[in-house]
Amino acid sequence: PTGPQGPAGVTGYASVYNLATQTIASDEEVLFDTNGANSTIVTHTAGASDITFNEAGVYLVYVRTVAQTNARFALYLNTDPVTGGIFSSGPVGTTTEGMAIITADEGDVLTLVNLEVDNIVLNGATTGTGSTTNTINGQIVILKLADAVG
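Residues numbered from 1 in each chain as written. Predicted model: local features only at pLDDT ≥ 70, side-chain atom pairs only at ≥ 80, totals over all residues. Heavy atoms only, no water.

> Explain a nonpolar patch on the surface here, please?
Taken together, Val-10, Ile-101 and Leu-145 make up a surface patch of nonpolar side chains, about 270 Å² in accessible area. When its relative accessible area of 34% is taken as the criterion, Leu-145 is described as partly exposed. (Patch = residues over 30% accessible without salt bridge, like charges linked within 9 Å, V, L, I, M, F, W, Y side chains within 5 Å. Areas by Shrake-Rupley, 256 points an atom, 1.4 Å probe, with all protein chains shown as cover. Salt bridge = Lys/Arg side-chain N within 4 Å of Asp/Glu carboxyl O. Buried < 20%, exposed > 50% of the residue type's maximum accessible area, 1.4 Å probe, protein only.)

> Just checking my understanding: could you explain the nonpolar core for this structure?
As a rule of thumb, nonpolar side chains are buried together in soluble globular proteins. Core analysis: the biggest nonpolar cluster contains 28 residues, and Phe-53, Val-61, Leu-75, Ile-102, Leu-110, Ile-140 and Ile-142 have the highest contact counts within it. At four residues, the largest contribution of residues to this core is made by strand β7 (residues 71–77). For Val-61, the residues in contact, after removing those within four places along its chain, are Leu-75, Gly-98, Met-99, Ala-100, Ile-102, Leu-110, Ile-140, Val-141 and Ile-142. (Core = buried A, V, L, I, M, F, W, Y, C linked by side-chain atoms within 4.5 Å. Helix = DSSP H or I, 4+ residues; strand = E, 2+ residues; numbered from the N terminus. Contact = heavy atoms within 4.5 Å.)

> Help me understand the side chain of Asn-137 in this model?
With respect to the helices and strands, the residue Asn-137 is situated in the loop between β13 (131–134) and β14 (138–146). Overall, the relative accessible area of 1% leaves Asn-137 in the buried class. At 3.1 Å, the side chain of Asn-137 forms a polar contact with the backbone oxygen of Ala-20. Within the structure, Asn-137 has its side chain in polar contact with the backbone oxygen of Leu-122 (distance 3.5 Å). (Polar contact = N/O pair within 3.5 Å; in protein donor to acceptor, adjacent residues only side chain to side chain.)

> What's the story with the pairing of strand β8 (residues 80–89) in this structure? I'm lost.
Each regular strand carries side chains that alternate between the two faces of the sheet. Pairing of β7 with β8 involves six bridges; the strand directions are antiparallel. Its bridge partner lying in β8, Phe-73 is registered against Phe-87. (Pairing = 2+ DSSP bridges.)

> Please explain the pattern of salt bridges as it appears in this structure.
It is possible for side chains of opposite charge to pair when their charged atoms get near one another. For the coordinates displayed, the defined rule picks out two salt bridges. A salt bridge links Glu-55 to Lys-144, with the nearest nitrogen and oxygen atoms 2.7 Å apart. You can see Glu-55 sitting in the loop between β5 (51–53) and β6 (57–66) and its partner Lys-144 sitting in strand β14, a full 89 residues away along the chain. Here Glu-55 falls in the partly exposed class, since its relative accessible area comes to 27%. Ionic pairing is found between Lys-144 and Asp-147, a salt bridge with its closest N-O pair at 3.1 Å. With a relative accessible area of 54%, Asp-147 lands in the exposed category.

> Explanation requested: the sheet that holds β5 in the structure shown.
By way of backbone hydrogen bonds, the strands of a sheet pair with one another, either parallel or antiparallel. One open sheet accounts for five strands, arranged β4-β5-β10-β7-β8; its pairing is antiparallel. The open sheet is flanked by β4 (42–43) and β8, the only strands paired with a single partner. Direction of pairing for β4 relative to β5: antiparallel, over a ladder of two bridges. Bridging across to β5, Val-42 finds its partner in Phe-53.

> Before we go on, may I ask you to explain the sheet that holds β14 in this structure?
Reading across from one edge, β3-β1-β14-β6-β9 is the order of the five strands in this open sheet, with antiparallel pairing throughout. The sheet terminates laterally at β3 (34–38) and β9 (95–104), the two strands that pair on one side only. Looking at each pair of strands side by side, their axes are set apart by 15 degrees on average, direction ignored. Note: β6 against β14, eight bridges, orientation antiparallel. Looking at the pairing, Val-61 lines up with Ile-142 of β14. (Axes fitted to C-alpha atoms, helices over the stretch in contact; angles between N-to-C directions.)

Note that all results are geometric; they support no functional claim without further evidence.
Dropping the structure here:
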C-alpha cells in the first residue's frame, strides 16, 4: 500500500559569492561580486550586498568567509540581526562558517555585516605554483525548505 506523501524537501536554491579582495569596515555589509546557481527564489545584483527574497518561506542560510584578520559576521534580515546568525573565527586567515534557519517574506532583504571593531579584509587572489587564481572568500548559499507557515 502507498502511504501519505512526505514533505517536498528543498524547493529552491541560490548562491552568491565574492572573488575580489574586499575591505569591510565595522558595521558595513559584505559585497558579493558573483551570482551562482539560482532557482529564482532570490534576486541579487552582482557587486551588491542585498539579497532580496522573491518568495515567502522558510530558508536554510549557509555563510562562509575567509578573512585575513579575526572575523565576526552577522546575518541581517532587513534591519534586524537574525537570531542564531552571528558567526566568528579565531586565528588570522581562518574560515568563518555558520548556518541559520530563517523565515522570510517576499521582499525581505538579507545581508552579511561585519561586527568587528576593525576592518576585515577578504583576500581574493591566491598564488600557487606558477599561477594566480581567484578564490571564493565570501559566500552565501540559500535553500528553501518550505513555504511560509501562516
